[in-house]
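Reading the structure
The lines below spell out each chain.
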Amino acid sequence: MSGAESEHDEIVYPSGDVIDVYPDHVTPHEVIVRKANGGKIDAICLGQNCKNVQLQISGSKVLSDGTYQLLQTDDPKLTMVRDSEGTSTLGYLVTNAGSAQFLAGQEDARSGDAHFFPDLQQAQKYEHKGDTARTVGKVVVGALLVGALVVLVGAAAAADARANTVTTRCSSAGSSTTCTTY
């Protein structure tokens with residue numbers, strides 16, 4: 001993996017982590033991540049969009065030092081980890097928040113939210129951890145919004161009904177009756 005100094009895009013994070021993208025972030029071919037703690041990832045893209053990579057890694061809290069292939073699955077939170085030749089599946093990298101595109105969007109990997117699991121079932125279980133609470137929260141918010149909408153529609157209908165009401169007031173004095181309409 002080259003990493004030769006040439007034209008490239010560089011991102012420097014406040015933590016001291018540095019990401020170099022060759023030749024640029026629009027058409028990446030190689031991505032080098034240098035962690036402030038000394039860790040390093042050197043990844044060569046295996047396709048146009050750089051979702052699949054051959055990488056050499058050292059100093060990671062998630063994967064042992066070595067060479068791997070990371071292959072993005074149909075699930076954006078789940079990445080398959082294969083050996084350097086791509087012949088054996090070693091496990092899965094997963095996050096249950098954000099996206100598992102660990103090189104393109106470093107937020108999840110940088111926050112330590114990326115986890116490695118040896119099989120798909122464990123990875124999917126972790127990925128969906130907390131889904132029930134998130135779903136219940138969305139249902140409660142939806143119910144509150146619908147309730148507020150019903151109250152607003154009811155208030156608007158009542159105001160409209162009052163606006164279209166004709167009131168007639170009559171008063172009698174002796175044999176004469178006078179009516180006023182408002």
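Above this note sits the structure.
My aim in this report is to walk through the structure given alongside it, one point at a time. Since the structure is predicted, the reported quantities are computational estimates derived from the model, not experimental observations.

Thresholds, definitions, all that
Residues numbered from 1 in each chain as written. Predicted model: local features only at pLDDT ≥ 70, side-chain atom pairs only at ≥ 80, totals over all residues. Heavy atoms only, no water. Helix = DSSP H or I, 4+ residues; strand = E, 2+ residues; numbered from the N terminus. Buried < 20%, exposed > 50% of the residue type's maximum accessible area, 1.4 Å probe, protein only. Contact = heavy atoms within 4.5 Å. Salt bridge = Lys/Arg side-chain N within 4 Å of Asp/Glu carboxyl O.

1. Details of the overall build of the protein
If you tally the helices and strands in the protein, you get three helices and eleven strands. For the protein, buried positions account for 29% of its 182 residues. In the protein, of all internal contacts separated by at least 6 residues, the share reaching a separation of at least 24 is 22%.

2. Observations concerning the pattern of salt bridges
Counted by the stated rule, this structure contains two salt bridges. Put simply, Asp17 and Lys35 hold a salt bridge, and the shortest N to O gap is 3.0 Å. Of this pair, Asp17 sits in the loop between strand 1 (9-12) and strand 2 (18-22) while Lys35 is found in the loop between strand 3 (30-34) and strand 4 (40-45), placing the two residues 18 residues apart along the sequence. When its relative accessible area of 7% is taken as the criterion, Asp17 is described as buried. Residue Arg34 pairs with Asp20 through a salt bridge whose shortest N-O separation is 2.4 Å.

3. Some words on the environment of Gln124
Turning to its location among the elements, Gln124 is positioned in helix 2 (residues 120-127). Here the alpha-carbon distance between Gln124 and Lys77, two residues 47 residues apart in the chain, equals 9.3 Å.

4. Observations regarding the side chain of Asp20
On the secondary structure map, Asp20 appears in strand 2. The exposure class assigned to Asp20 is buried, which follows from its relative accessible area of 2%. With residues up to four places along the chain from it excluded, the contact list for Asp20 reads His8, Asp9, Glu10, Glu30, Val31, Ile32 and Arg34.

All we've got here are geometric facts, nothing functional implied.
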